[in-house]
Amino acid sequence: MAELEKPLWPIRLFNKSVLKQRKYKEITEALGETTQLQCLDIGADNGVLSYLLRQRGGHWKSADLDQTTVDAIQSLIHERVFQIDDRGTPFADDEFDRVAVIDFLEHIPNDEAFIRELHRIVKPGGQVILNVPHIKTSLLRKIRLAIGQTDAKHGHLRPGYTRGDITRMLGTQFTVLSEKTYSKFFSECIDTLITFAFDLLKSGKRNSAKGLVVTGNDLQRYQKMFAMYSLLYPFIWIISKLDHLLFFTSGYMLLVVAQNKKDTHA
């Protein structure tokens, strides 16, 4: 059977993921207009977010933590993709107007050092968008741990952050402009079930440092299951919309927009 065309398979996967679509919506709203801006996305999973962000305009670079995820992004967008860690990046001082850090801080040993690195590479007055897990003590988290969806399994070195944690880390280097949580119980339940099923299929295969990364080979191998899931997707989408009923609760993801305080004349 012929290999799925690129970038068809990541877009197909994105179009059937309520969490990825919501994440993209929140990040693009936080980024605002990017035309003519120098931008960087960090931690964009299998590369689909990098691909979609570049379609919005602007001059983009992409980066991630290990070679597996870098290769996945590279196979989709082909250029300006870098492997980085918490100890430094290959980017110039004051290079970027916008940096979107997507599900990355929880994977690195020294998150505070990385915030200092962001301070270096973001222009004075430039903005960072931080998307991280929001720490919640809940029944769903207990269920996830019970079925093996631990922080370690997902490559998380810490379970997430509170608003206070992020504000403290940003310290005197950034000013918090906005913060919000999103992705509530029903959406997260769907993701838990899908992850559990896919973990069973990939039993014995090592995850990357970023946890579970779905590749084109995976989608090729499990096309029948993906076709079945596609048939169920309208019902899954409806269930996810029940999150709107939970307006009184916080979400499982935290999104923070902060502006670099760096002195233009420093």
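Cut-off values and rules
- Residues numbered from 1 in each chain as written.
- Predicted model: local features only at pLDDT ≥ 70, side-chain atom pairs only at ≥ 80, totals over all residues.
- Heavy atoms only, no water.
- Pairing = 2+ DSSP bridges.
- Helix = DSSP H or I, 4+ residues; strand = E, 2+ residues; numbered from the N terminus.
- Axes fitted to C-alpha atoms, helices over the stretch in contact; angles between N-to-C directions.
- Phe/Tyr/Trp six-rings, centres within 6.5 Å; stacked < 30°, edge-to-face > 60°.
- Lys NZ or Arg CZ within 6 Å of the ring centre and 35° of its normal.
- Right-handed = clockwise from strand over helix to strand, strands pointing away.
- Buried < 20%, exposed > 50% of the residue type's maximum accessible area, 1.4 Å probe, protein only.
- Polar contact = N/O pair within 3.5 Å; in protein donor to acceptor, adjacent residues only side chain to side chain.
- Arc of directions from axis to C-beta.
- Contact = heavy atoms within 4.5 Å.
- UniProt positions renumbered as here; feature names shortened; annotations may be inferred.
- Salt bridge = Lys/Arg side-chain N within 4 Å of Asp/Glu carboxyl O.

This part is about the sheet that holds strand 1 (residues 38–42). A sheet is described by the order of its strands in space; here 7 strands give the open sequence 3-2-1-4-5-7-6, paired in mixed fashion. Each edge of the sheet is formed by a strand with only one pairing partner; in this case those strands are strand 3 (81–83) and strand 6 (174–182). For this sheet, the mean inter-axis angle between neighbouring strands, taken without regard to orientation, is 15°. Summarising the sheet, strand 5 (residues 122–133) and strand 7 (residues 253–260) pair through 7 bridges and their orientation is antiparallel. From the neighbouring strand, Gln 127 faces strand 7, where its bridge partner is Gln 259.

Within the chain, Asp 103 stands out as a residue other than glycine whose phi angle is a positive 55°. Structurally, the position occupied by Asp 103 is in the loop between strand 4 (96–102) and helix 5 (111–121). Phi at Ser 183 is positive, roughly 65°, even though this residue is not glycine. Summarising the element assignment, Ser 183 is placed in the loop between strand 6 and helix 8 (185–201).

Per the counting criterion, the structure on display carries 7 aromatic pairs. On the numbers, 5.4 Å between centres and 80° between planes, the contact of Phe 185 with Phe 186 is edge-to-face. Site record: aromatic cluster; members linked through ring pairs are Phe 82, Phe 91 and Phe 96. Positioned over the ring face of Tyr 252 is Arg 144, at 5.8 Å from the centre of the ring.

With that settled, consider the pairing of strand 2 (residues 59–64). Note that strand 1 and strand 2 share 5 bridges and pair parallel. Directly across from Leu 40, in strand 2, lies its bridge partner Lys 61. For the crossover from strand 1 across helix 3 (residues 48–55) to strand 2, the handedness is right-handed. The pairing of strand 2 with strand 3 spans 3 bridges and is classified as parallel. Pairing of Ser 62 across the sheet is with Val 81, part of strand 3.

What follows is about the side chain of Glu 117. Along the polypeptide, Glu 117 turns up in helix 5. Assessed through its relative accessible area of 12%, Glu 117 is described here as buried. A polar contact is formed between the side chain of Glu 117 and the side chain of Arg 120, at a distance of 2.6 Å.

Considered for burial, the residues of helix 7 (residues 163–170) that qualify are Ile 166, Met 169 and Leu 170. For helix 7, the angular spread of the buried residues around the axis is 100°, confining them to a single face. Among the structural elements, helix 5, strand 5, strand 6 and strand 7 are those in contact with the buried residues of helix 7. Where helix 7 ends, the next residue or the one after it, Gly 171, has phi of about 50°, a positive value.

Taking the UniProt record as the reference, the feature "transmembrane region" (unreviewed entry) is found at residues 231–255. When the span residues 231–255 is considered, its composition is 40% helix and 12% strand, and the gap between its end C-alpha atoms is 31 Å.

This part takes up the pattern of salt bridges. Within the structure shown, the criterion is met by 16 salt bridges. Between Asp 86 and Arg 87 there is a salt bridge, and its shortest N-O distance comes to 3.9 Å. Taking the relative accessible area as the measure of exposure, Arg 87 reaches 70% and is therefore exposed. In this structure, the salt-bridge partner of Glu 188 is Arg 144, at a minimum N-O distance of 2.5 Å. Taken together, the residues span a long stretch of sequence, with Glu 188 in helix 8 and Arg 144 in helix 6 (residues 139–146) at a distance of 44 residues. Pair check on accessibility: Glu 188 and Arg 144 agree, each one buried. Overlapping salt bridges bring together Arg 22, Glu 26 and Lys 180 as one network.

Turning to the environment of Gln 55, a few remarks are in order. Tracing the backbone through its elements, the reader meets Gln 55 in helix 3. In this structure the C-alpha to C-alpha distance between Gln 55 and Thr 35, which are 20 residues apart in sequence, comes to 10.0 Å.

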